[in-house]
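# Geometric and topological summary
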Protein chains: 2
Amino acid sequence: MQLRDLGERETIRRLTAALHDSASVSVGPGDDAAVLRPAPGYELVVTTDLLLEGRHYLSEWMTQAEIGERLAAVNLSDLAAMAAAPRWALLSFGVRVDRTFESLEELQQGLVAALARDGAALVGGNLVAVEGPEFFSLTLCGEVESGAAWTRSGARPGDLLAVTGHPGRAGAGVALVRELGERARATDLAPVLEAWRAPQSRVALARALASAGVTAAIDVSDGLVGDLEQLCAMSGVGAEVDVAAFASDPALEHAARALSLSLETLRYGPSDDYELLLAVDPARQDACAKAAESFDAPLSFIGRITDAPGLLFEVGRGERRPLAAEGFDHFGGSAG
Amino acid sequence: MQLRDLGERETIRRLTAALHDSASVSVGPGDDAAVLRPAPGYELVVTTDLLLEGRHYLSEWMTQAEIGERLAAVNLSDLAAMAAAPRWALLSFGVRVDRTFESLEELQQGLVAALARDGAALVGGNLVAVEGPEFFSLTLCGEVESGAAWTRSGARPGDLLAVTGHPGRAGAGVALVRELGERARATDLAPVLEAWRAPQSRVALARALASAGVTAAIDVSDGLVGDLEQLCAMSGVGAEVDVAAFASDPALEHAARALSLSLETLRYGPSDDYELLLAVDPARQDACAKAAESFDAPLSFIGRITDAPGLLFEVGRGERRPLAAEGFDHFGGSAG
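Bear in mind the structure is a predicted one, so any value in this text is a computation, not a measurement. (Residues numbered from 1 in each chain as written. Chains lettered and ligands numbered in written order. Predicted model: local features only at pLDDT ≥ 70, side-chain atom pairs only at ≥ 80, totals over all residues. Heavy atoms only, no water.)

Scanning the model with the defined rule gives 44 salt bridges over all chains in all. Each of Arg9 of chain A together with Asp222 and Glu229 of chain B takes part in salt bridges that share partners, so that together they form one network. (Salt bridge = Lys/Arg side-chain N within 4 Å of Asp/Glu carboxyl O.)

A few words now on the relation of the copies chain A and chain B. For the match of chain A to chain B, the screw axis carries a shift of 0.0 Å, the RMSD comes to 0.0 Å, and the turn is 180 degrees. One copy is carried onto the other by what is essentially a two-fold rotation axis. Looking at chain A, 100% of its interface residues are interface residues in chain B too, so the copies touch through the same face. (Least-squares fit on C-alpha atoms with pLDDT ≥ 70 in both. Contact = heavy atoms within 4.5 Å.)

The next point concerns the sheet that holds strand E4 (residues 85–95) of chain A. Strand order in the open sheet formed by six strands is E5(A)-E4(A)-E6(A)-E3(A)-E2(B)-E1(B), with mixed pairing between adjacent strands. A single partner strand is all that each edge strand has here, and the edge strands are strand E5 (121–129) of chain A together with strand E1 (25–27) of chain B. Taken over all neighbouring pairs, the strand axes of this sheet differ in orientation by 20 degrees on average, direction set aside. Relative to E5 of chain A, E4 of chain A runs parallel, the two being bridged by eight bridges. Among the inter-strand pairings, glycine 94 of chain A is bridged to a residue of E5 of chain A, identified as valine 128 of chain A. Here helix H3 (residues 64–80) of chain A sits on the sheet in contact with strand E3 (42–52), E4 and strand E6 (135–145) of chain A, set at roughly 140 degrees to E3 of chain A. (Pairing = 2+ DSSP bridges. Helix = DSSP H or I, 4+ residues; strand = E, 2+ residues; numbered from the N terminus. Axes fitted to C-alpha atoms, helices over the stretch in contact; angles between N-to-C directions.)

The next point concerns the confidence of the model for chain A. Of the residues in chain A, 97% reach a pLDDT of 70 or more, and the chain-wide mean stands at 93. With pTM at 0.94, the complex prediction returns an ipTM value of 0.93. (pLDDT = per-residue confidence, 0-100.)

Okay, the interface of chain A and chain B next. Taken residue by residue, the interface counts 67 residues in chain A and 67 residues in chain B. Taken together, chain A and chain B are joined by eight salt bridges. At the surface where chain A touches chain B, the tally comes to 21 residue pairs in polar contact (both at pLDDT 80 or more). When residues of the side of chain A that touches chain B are assigned to their parent elements, the largest contribution, 10 residues, is made by E3 of chain A. Of the residues in the side of chain A that touches chain B, the class split is 33 nonpolar, 19 polar and 15 charged. Both strand E2 (residues 34–36) of chain A and strand E3 (residues 42–52) of chain B contribute to a ladder of three bridges, which runs antiparallel. Considered in E3 of chain B, the bridge of alanine 34 of chain A is made with valine 46 of chain B. (Polar contact = N/O pair within 3.5 Å; in protein donor to acceptor, adjacent residues only side chain to side chain. Nonpolar A, V, L, I, M, F, W, Y, C, P; charged D, E, K, R; others polar.)

This paragraph deals with the pairing of strand E12 (residues 312–315) of chain A. Residue and element names in this part refer to chain A. Of the two faces of E12, the one carrying Leu312 and Glu314 and the one carrying Phe313 and Val315 are both buried. Here strand E9 (residues 238–242) pairs with E12 via four bridges, running parallel. Bridging from a neighbouring strand, alanine 239 pairs with leucine 312 of E12. When E12 meets strand E13 (residues 321–322), the two strands line up antiparallel, connected through two bridges. Bridge pairing in E13 links phenylalanine 313 to proline 322. In sequence, E12 turns back onto E13 through a hairpin of five residues, with glycine 316 there showing a positive phi of about 100 degrees. (Buried < 20%, exposed > 50% of the residue type's maximum accessible area, 1.4 Å probe, protein only.)

Residues and elements named next belong to chain A. The seven strands are arranged E8-E10-E7-E11-E9-E12-E13 in an open sheet whose pairing can be described as mixed. The open sheet has two free edges, formed respectively by strand E8 (214–220) and E13, since each of these has just one partner strand. Against the sheet, helix H8 (residues 224–235) contacts strand E7 (160–164), E8, E9, strand E10 (275–280), strand E11 (299–306) and E12, and its axis sits at roughly 140 degrees relative to E8.

Take a look at the structure:
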């Protein structure tokens with residue numbers, strides 16, 4: 001049934017009726033606001049991120065549930081980068097009235113399931129009819145032990161630089177889809193497409209690493225070098241990335257060949273991987289590696305923090321060359 | 001300067017640089033998420049509401065600052081209806097790239113000033129470029145003493161029904177603008193237009209009323225009768241509204257004549273007044289009236305709660321007739 005036939009109030013009633021109670025929720029959806037019970041001794045960590053149709057997702061390449069999962073992932077990633085435990089979310093929908101209720105329900109189910117896997121519940125929201133592209137804006141609240149939040153500003157010269165997952169894959173995935181269309185579904189490209197379509201949550205890993213000597217963190221949402229620039233700028237440090245230190249990534253190599261690009265262009269360039277880029281106390285390298293292993297999460301030590309503010313270099317293979325971000329800027333200006 | 005020339009990152013940098021520090025904020029805008037310090041012994045109250053251009057505001061009738069103030073007001077009203085104190089907000093912008101930075105700054109300034117008047121700070125956000133109508137989605141977090149939040153479900157038979165302000169004015173204001181155009185600027189219609197353009201915050205009043213015997217509350221965002229229906233449905237009660245109990249409202253009478261509608265059609269019908277509709281313990285009527293007086297806020301006792309679930313009547317003038325909501329439904333379905 002289309003939303004225009006169901007009406008706004010009934011759509012909201014059905015969407016909220018599908019939500020579960022949560023122990024930390026005093027008043028759930030359906031009142032003027034939700035009332036929540038924060039844990040004593042914790043700080044509150046809040047972020048908001050949205051998906052705009054055609055820009056942040058392509059409906060023809062994702063199921064509705066996957067769009068919901070992606071919306072969860074982009075916000076969960078921000079909390080992971082603060083070492084926070086996700087708790088409560090609010091969803092603001094902008095949807096077309098010719099959409100079916102069932103499709104909206106499927107999207108919400110994907111979102112709710114992904115949030116629940118990391119311990120968070122959907123506690124409220126807002127619904128508005130739009131005529132152009134749809135959008136979904138999520139606000140995610142989490143908790144972290146007081147004073148224990150990671151920030152972008154704590155990296156110190158001598159710290160190691162580590163990254164989870166396979167940076168560059170998500171950007172390669174969307175480039176393949178845009179360039180090759182259906183041919184992007186080739187088997188050897190599957191891990192790359194998957195990284196774009198269904199980013200992994202690093203929340204559990206971040207919580208495990210919280211006491212493992214991480215000094216600064218940022219989520220990789222603009223690309224490895226772009227986000228490294230941000231972390232270095234906010235910490236007042238520089239960094240060296242060792243080209244030889246990355247784990248081999250045959251899927252990304254396939255993608256690079258298919259796109260006629262270098263592996264480094266994909267790895268360093270614009271990519272919304274939603275992986276974690278971390279500065280780590282070198283004395284705690286083993287503790288970090290062990291934690292990552294126990295969560296079955298790839299963690300590569302790819303370089304180190306230097307004392308030259310704002311200067312990024314690539315080292316290895318016998319040379320040392322400057323690294324610069326080629327970030328994307330949806331506003332058409334320079335990303336610098 | 002247009003946003004397309006400034007670029008996304010620089011736009012965000014300038015917007016966040018304009019924000020002030022707040023004592024309860026450990027990490028403000030510019031990191032992956034904001035880190036906040038909740039007050040011990042309080043619950044967290046969260047809501048989200050958005051403004052879509054052309055639907056929830058008309059750019060030609062409001063300054064950019066007023067759009068920002070309105071975005072604050074629609075969210076502050078939800079927290080007022082829970083008797084919560086606003087604390088922190090996150091803003092998700094969907095804006096066109098041909099907009100000037102200065103206009104966006106003015107909108108943010110209006111929002112931040114309105115939030116600050118009620119004790120809240122903007123601590124984070126998100127920015128995306130859109131090609132169609134712009135939108136602004138705010139999530140507002142507040143705090144309330146544990147267990148003290150008002151809900152929609154606490155009204156009991158015998159409670160008095162009270163409303164702040166002048167219900168119906170905001171709906172009349174937007175109807176005048178749409179029907180009369182420039183002629184809506186007539187002096188005798190000014191209070192009605194003002195109610196639509198710049199809704200008053202009832203946060204301070206709600207905080208003062210929190211211990212004055214209010215048993216249930218809802219903010220009037222759909223219209224007096226529509227929201228009364230909701231409050232009654234959630235409390236499992238009915239209500240009688242006394243037509244003779246409303247304060248005289250000459251401005252609304254002018255509007256009714258200009259629109260060829262009855263006063264009651266405007267007063268009861270669809271209207272996003274952002275006023276508070278309250279159920280009040282009759283023993284505490286004086287305490288409520290005094291609190292309202294001390295905040296210079298109109299408070300009218302307009303009827304009472306009955307034990308007939310879901311049944312609404314208008315009484316006074318010697319007759320008793322059923323009241324039904326003619327709510328608006330942006331989805332085109334019935335509002336019922």
